[in-house]
Amino acid sequence: MSIRLLLADDQALVREALCALLALEDDFDVVAAVGRGDEVVAAAREHRPDVALLDIEMPGLDGLAAAAVLAEQVPDCRVVILTTFGRAGYLRRAMEAGAAGFVVKDAPADVLADAIRRVAEGERVVDPALAVATLAAGESPLTARERDVLITARSGATIAEIAARLYLSEGTVRNYVSAAITKTGARNRVEAVRVADERGWL
């Protein structure tokens, strides 16, 4: 029996290359490929894949959020996060979202194929080096609100703009920013965003 696959990646070249690569395996059948995170659930409902391979950074909905929605609405479809970003925080969040596998894109093709087969059989598969890094990094120290503030600050928004977007007072935003700077060991807001992003906390 072939394993039905759904592939989601916003880069057309990568998406097409992965489709071609996976189609070379006798037991794989790529039944759908989409370029946006908010297209994943509809495609899964229509094509009923056994495994969905999701990139993290996608328009509409990121891969981690899409994984969480799939786990809730299409529970028979198991998720493998396939990403360029081998960050410890991402792995933790992927597991929390219900993903069964996490593979970095520079892994050899046979490693990816093996991960897909094992996930389809009900196993959890995680890149070993990333698993070690995740344990070493620990959990994110940021509160949900501190995370919201840093995500909003990513675009270069001012304190006033962050306050307006999150319906908070400017003083409250300054307090959250100050706490986030302390927790990330950064010198300023921009550096706090960068550090938190690199650790997969955002």
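In the block above lies the structure referred to throughout.
Residues numbered from 1 in each chain as written. Predicted model: local features only at pLDDT ≥ 70, side-chain atom pairs only at ≥ 80, totals over all residues. Heavy atoms only, no water.

K.L.:
Help me get a handle on the pattern of salt bridges, residues and values and all.
P.N.:
Counted under the stated rule, the structure contains 12 salt bridges. Asp-114 serves as the salt-bridge partner of Arg-118, at 3.3 Å between the closest nitrogen and oxygen. With Arg-118 and Asp-114 both in helix α5 (residues 109-120) and 4 residues apart, this pair spans about one turn of that helix. Arg-118 gets classed as partly exposed once you look at its relative accessible area, which sits at 30%. Residue classification places Asp-114 among the partly exposed residues on the basis of a relative accessible area of 36%. Measuring nitrogen to oxygen at the nearest pair gives 3.6 Å for the salt bridge that ties Arg-145 to Asp-148. Of the two residues, Arg-145 and Asp-148 both sit in helix α7 (residues 144-153), 3 residues apart, roughly one turn of that helix. For Arg-145, a relative accessible area of 30% translates into the label partly exposed. By relative accessible area, which is 27% here, Asp-148 ends up partly exposed. Through salt bridges with shared partners, a single network forms among Asp-9, Asp-55 and Lys-105. (Salt bridge = Lys/Arg side-chain N within 4 Å of Asp/Glu carboxyl O. Helix = DSSP H or I, 4+ residues; strand = E, 2+ residues; numbered from the N terminus. Buried < 20%, exposed > 50% of the residue type's maximum accessible area, 1.4 Å probe, protein only.)

K.L.:
Account for the side chain of Glu-191, naming residues and giving values.
P.N.:
Within the fold, Glu-191 resides in helix α10 (residues 189-198). For Glu-191, a relative accessible area of 13% corresponds to the buried category. Ignoring anything within four residues of it in the chain, the contact list for Glu-191 reads Gly-185 and Ala-186. (Contact = heavy atoms within 4.5 Å.)

K.L.:
If you had to explain the environment of Ala-32 to someone new, which residues and values would you point to?
P.N.:
Here Ala-32 is to be found in strand β2 (residues 28-34). Of the residues examined, Ala-32 reaches a relative accessible area of 10% and is grouped as buried. In sequence terms Ala-32 and Arg-78 are 46 residues apart; their C-alpha atoms lie 15 Å from each other. Every residue in contact with Ala-32, bar those within four places of it in the chain, is listed here: Leu-5, Leu-6, Leu-7, Ala-43 and His-47.

K.L.:
Help me get a handle on the environment of Val-79, residues and values and all.
P.N.:
Position of Val-79 relative to the elements: it lies in strand β4 (residues 78-83). Residue Val-79 is classed as buried on the basis of its relative accessible area of 3%. Considering only alpha carbons, one finds Val-79 and Leu-24, 55 residues apart in sequence, at a separation of 21 Å.

K.L.:
An account of the pairing of strand β5 (residues 101-104) is needed here, citing residue identities and associated values.
P.N.:
Of the two faces of β5, the one carrying Gly-101 and Val-103 and the one carrying Phe-102 and Val-104 are both buried. The pairing of β4 with β5 spans 4 bridges and is parallel. Among the inter-strand pairings, Leu-82 is bridged to a residue of β5, identified as Val-103. Pairing of β5 with strand β6 (residues 125-126), which is carried by 2 bridges, proceeds in the parallel orientation. Residue pairing for β6: Phe-102 is matched across the bridge by Val-126. In terms of handedness, the path from β5 via α5 over to β6 forms a crossover that is left-handed. (Pairing = 2+ DSSP bridges. Right-handed = clockwise from strand over helix to strand, strands pointing away.)

K.L.:
I'd like a description of the packing of α7 against helix α8 (residues 159-166), backed by residues and values.
P.N.:
Look at α7 against α8: their axes get within 10 Å of each other, and the N-to-C directions meet at 120°. In terms of their interaxial angle, α7 and α8 are classed as oblique. Considering only the axes of α7 and α8, their crossing is right-handed. Residues Arg-145, Asp-148, Val-149, Thr-152 and Ala-153 of α7 pack against Ile-162, Arg-165 and Leu-166 of α8. (Axes fitted to C-alpha atoms, helices over the stretch in contact; angles between N-to-C directions. Parallel < 35°, antiparallel > 145°, perpendicular 65-115°, else oblique. Left-handed = near helix turned anticlockwise from the far one by under 90°.)

None of the figures reported here should be taken as evidence of function without further support.
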